[in-house]
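Structure at a glance
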Amino acid sequence: MLAWSVVVALGGFLFGFDTAVISGAEKSIQQYWNLSVFEHGLTISIALIGTVIGSLLGSRPSDKFGRKNTLYFVAVVYLLSSLGTALADNWYVFLVFRFIGGLGVGTSSVTAPIYISEISLSRQTWPFGRIVPV
């Protein structure tokens, strides 16, 4: 249970990581695609826009398919988003995959805490390892 909780809690870590990781490359990205000021701002913020939308809509798949299945799906979304942004051959494709990554971050930020609370033991079970009704 502890291992699962740690892995699932990394979903919250990804929110900060995604925001910070782009800051080191943002000037290079602007120069690489010769972006205007607006395009540059959109490139940086599109993942946060996806995060907001993902957090607003993330409870729906979580309720319909279950928390664990939703987290598996989000892991695939993270993978595809990472590959897509790394292999993007133009700015529009890069934007789409950053937005998709943001959706994944938002969905996991809603789903992960609920899943952790569902798998955690109650206070009465922790010291003795047996289930006691609360």
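Above this note sits the structure.
Described below are features of the structure shown in this document. No experiment lies behind these values; they were computed from the predicted model shown.

This part covers the packing of aromatic side chains. For the coordinates displayed, the defined rule picks out three aromatic pairs. Ring geometry for Tyr32 against Trp33: centres 5.1 Å apart, planes inclined by 70°, an arrangement best described as edge-to-face. These aromatic residues form a ring-pair network of at least three members: Tyr32, Trp33 and Phe94.

Once that is clear, we can look at the packing of helix H5 (residues 67-87) against helix H6 (residues 91-119). In contact at an axis separation of 8 Å, H5 and H6 are set at 155° when each is read in the N-to-C sense. Comparing their axes, H6 and H5 come out roughly antiparallel. Crossing angle aside, the handedness with which H5 passes H6 is left-handed. In terms of residue class, the contact of H5 with H6 is built from 12 nonpolar, nine polar and four charged.

This part covers the pattern of salt bridges. Counted according to the given criterion, the structure contains two salt bridges. Residue Arg67 is joined to Asp63 by a salt bridge in which the shortest nitrogen-to-oxygen separation is 3.1 Å. The buried category is assigned to Arg67, whose relative accessible area is 18%. Arg67 is the partner of Glu118 in a salt bridge, and the nearest nitrogen-oxygen pair spans 2.9 Å. Pair noted here: Glu118 is in helix H6 and Arg67 is in helix H5, with a separation of 51 residues, a long-range link. Put simply, Asp63, Arg67 and Glu118 are held in one network by salt bridges that share partners.

The subject of this paragraph is the nonpolar core. Ile22, Ile29, Leu35, Ile46, Ala88, Trp91, Phe94 and Leu95 form the largest nonpolar core, which has eight residues in total. Among the elements that make up this core, the one with the highest residue count is H6 (three residues). Apart from the residues within four sequence positions on either side, Trp91 is in contact with Trp33, Leu35, Glu39, Leu42 and Thr43.

Taken together, the side chains of Ile49, Val52, Ile53, Leu56 and Leu57 make up a nonpolar region of the molecular surface, amounting to roughly 440 Å² of accessible area. Locating Ile53 in the fold gives a position in helix H3 (residues 37-57).

For the rest of this paragraph, the subject is H5. Between the first and last C-alpha of H5 there are 30 Å, a value that for 21 residues agrees with the 30 Å anticipated at 1.5 Å per step. Taken as a whole, H5 has its buried residues at Arg67, Thr70, Leu71, Val74, Val77, Tyr78, Ser81 and Gly84. The arc that holds the buried residues of H5, viewed along the axis, is 140°, so those residues lie on one side. Relative to its buried face, H5 has exposed residues pointing more than 90 degrees away, namely Phe73, Leu79, Ala86 and Leu87.

Mapped onto the secondary structure, Arg98 falls in helix H6. Judged by its relative accessible area of 7%, Arg98 is buried. A distance of 3.0 Å separates a polar atom in the side chain of Arg98 from the backbone oxygen of Thr43. The contact partners of Arg98, leaving out residues within four places of it in the chain, are Asp18, Ile22, Thr43, Ile44, Ile46, Ala47 and Thr85.

Before going further, it helps to examine H3. Taking 1.5 Å per residue, 21 residues should reach 30 Å; H3 reaches 30 Å between its end C-alpha atoms and fits that length. At Ser45, H3 shows its largest kink, close to 45°.

The rules behind these values
- Residues numbered from 1 in each chain as written.
- Predicted model: local features only at pLDDT ≥ 70, side-chain atom pairs only at ≥ 80, totals over all residues.
- Heavy atoms only, no water.
- Phe/Tyr/Trp six-rings, centres within 6.5 Å; stacked < 30°, edge-to-face > 60°.
- Axes fitted to C-alpha atoms, helices over the stretch in contact; angles between N-to-C directions.
- Helix = DSSP H or I, 4+ residues; strand = E, 2+ residues; numbered from the N terminus.
- Parallel < 35°, antiparallel > 145°, perpendicular 65-115°, else oblique.
- Left-handed = near helix turned anticlockwise from the far one by under 90°.
- Nonpolar A, V, L, I, M, F, W, Y, C, P; charged D, E, K, R; others polar.
- Salt bridge = Lys/Arg side-chain N within 4 Å of Asp/Glu carboxyl O.
- Buried < 20%, exposed > 50% of the residue type's maximum accessible area, 1.4 Å probe, protein only.
- Core = buried A, V, L, I, M, F, W, Y, C linked by side-chain atoms within 4.5 Å.
- Contact = heavy atoms within 4.5 Å.
- Patch = residues over 30% accessible without salt bridge, like charges linked within 9 Å, V, L, I, M, F, W, Y side chains within 5 Å.
- Areas by Shrake-Rupley, 256 points an atom, 1.4 Å probe, with all protein chains shown as cover.
- Expected span 1.5 Å × (residues − 1).
- Arc of directions from axis to C-beta.
- Polar contact = N/O pair within 3.5 Å; in protein donor to acceptor, adjacent residues only side chain to side chain.
- Bend = angle between axes of the 7 residues up to and from the residue.

Limitation: the analysis is restricted to geometry and does not speak to function.
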